[in-house]
Amino acid sequence: MKKWILPLLFLFASCVQDSVGPEGALRDFVEARLGNVVTRQYILEHVTGKLRESLENISDEDFAKFSDLRNVKNDSFKILSKSCQEKKCFVTYSIAYRTSAEEKATSASEVKKIAELLLVDGKWLISDISNVKTYHEVLEPIEP
């Protein structure tokens, strides 16, 4: 029994550490959004800088479209690289997801992005996100 305690403690410590840094903050934010509808308050708690300003200034109707990702299912999230200083970090990551309509997958996508995160009051916040590369595969015929 004692030989199981130490590996469990290491496993728990590694899981806790992953959600603390910039990668963990980014991963939590992306996973919370995909497949869900998030509130404006949730989004604003996790962003800062010009990204926050742009989200504060959009209309309620546009924000509702932006925040409703119930038709998107996350296939994978990968951290590709990071470059960090003391209070600023650039994380390159990729997301693979499927978009569906009426419970049928309509497209598969993979997007490579770079996120700029800033350490604000001890919490990593997303300051900017830019797309590097996007790949879409249509699984169903497009009806005009």
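Everything discussed here concerns the structure shown above.
As the structure is a computational prediction, the values presented were derived from the model and not from experiment.

### Some remarks on the pattern of salt bridges
Line of reasoning, step 1. Inspection of every chain in the model, using the stated rule, returns eight salt bridges.
Line of reasoning, step 2. Between Arg52 and Glu56 there is a salt bridge, and its shortest N-O distance comes to 3.1 Å. With Arg52 and Glu56 both in helix α4 (residues 49-56), this residue pair falls four residues apart, about one helical turn.

### Examining the nonpolar core
Across soluble globular proteins, nonpolar side chains show a tendency to be buried alongside one another.
Line of reasoning, step 1. Counting residues in each nonpolar core, the largest one holds 24 residues, and the members touching the most others are Leu26, Val30, Ile43, Val47, Tyr93, Ile95 and Leu117.
Line of reasoning, step 2. Among the secondary structure elements, those contributing two or more residues to this core are α2 (22-33), α3 (40-46), β1 (72-84), β2 (88-101), β3 (104-120) and β4 (123-138).
Line of reasoning, step 3. Top element by residues in this core is β2. It accounts for five residues.
Line of reasoning, step 4. Filtering out sequence-adjacent residues up to four positions away, Leu117 remains in contact with Pro22, Ala25, Leu26, Lys87, Lys88, Cys89, Val91, Trp124, Leu125, Ile126 and Ser127.

### Here we look at the state of the cysteines
Line of reasoning, step 1. Tallying each qualifying case throughout the model produces one disulfide.
Line of reasoning, step 2. Cys84 shares a disulfide with Cys89; S-S distance 1.8 Å.
Line of reasoning, step 3. The exposure class of Cys89 is buried, given its relative accessible area of 0%.

### Notes on the sheet that holds β3
Think of a sheet as strands paired side by side through backbone hydrogen bonds, with each pair either parallel or antiparallel.
Line of reasoning, step 1. With antiparallel pairing, four strands are arranged side by side in an open sheet as β1-β2-β3-β4. A single partner strand is all that each edge strand has here, and the edge strands are β1 and β4. With direction set aside, neighbouring strand axes in the sheet form an average angle of 20°.
Line of reasoning, step 2. Seen against the sheet, α2 touches β1, β2, β3 and β4 and runs at an angle of roughly 160° to β1.

### Looking at the side chain of Lys113
Line of reasoning, step 1. Assignment of secondary structure puts Lys113 in strand β3.
Line of reasoning, step 2. No salt bridge is formed by the buried Lys113; the nearest opposite charge belongs to Asp128, separated by 9.9 Å.
Line of reasoning, step 3. Those residues within four positions of Lys113 in sequence are excluded, and the remaining contacts are Val91, Thr92, Tyr93, Ile129, Ser130, Asn131 and Val132.

### Observations concerning the environment of Lys133
Line of reasoning, step 1. Positionally, Lys133 belongs in strand β4.
Line of reasoning, step 2. In this structure, Lys133 is in contact with Glu110, Val111 and Lys112, ignoring residues within four places of it in sequence.

### Some remarks on the packing of aromatic side chains
Line of reasoning, step 1. Summed over the entire model, instances satisfying the criterion amount to three aromatic pairs.
Line of reasoning, step 2. With a centroid separation of 6.3 Å and 0° between ring planes, the pair formed by Phe29 and Tyr42 is classed as stacked. With a gap of 13 residues between them, Phe29 in helix α2 and Tyr42 in helix α3 connect regions that are remote in the sequence.
Line of reasoning, step 3. Owing to a relative accessible area of 22%, Tyr42 belongs among the partly exposed residues under this scheme.

### A word on the pairing of β4
Line of reasoning, step 1. In terms of strand pairing, β3 meets β4 through 14 bridges, oriented antiparallel. Counterpart to Leu117 in the pairing with β4 is Ile126.
Line of reasoning, step 2. Between β3 and β4, which pair antiparallel in sequence order, lie two residues; one of them, Asp121, sits at a positive phi of approximately 50°.

Basis of the calculations
Residues numbered from 1 in each chain as written. Predicted model: local features only at pLDDT ≥ 70, side-chain atom pairs only at ≥ 80, totals over all residues. Heavy atoms only, no water. Salt bridge = Lys/Arg side-chain N within 4 Å of Asp/Glu carboxyl O. Helix = DSSP H or I, 4+ residues; strand = E, 2+ residues; numbered from the N terminus. Core = buried A, V, L, I, M, F, W, Y, C linked by side-chain atoms within 4.5 Å. Buried < 20%, exposed > 50% of the residue type's maximum accessible area, 1.4 Å probe, protein only. Contact = heavy atoms within 4.5 Å. Disulfide = S-S within 2.5 Å. Pairing = 2+ DSSP bridges. Axes fitted to C-alpha atoms, helices over the stretch in contact; angles between N-to-C directions. Lys, Arg positive; Asp, Glu negative; His and termini not counted. Phe/Tyr/Trp six-rings, centres within 6.5 Å; stacked < 30°, edge-to-face > 60°.

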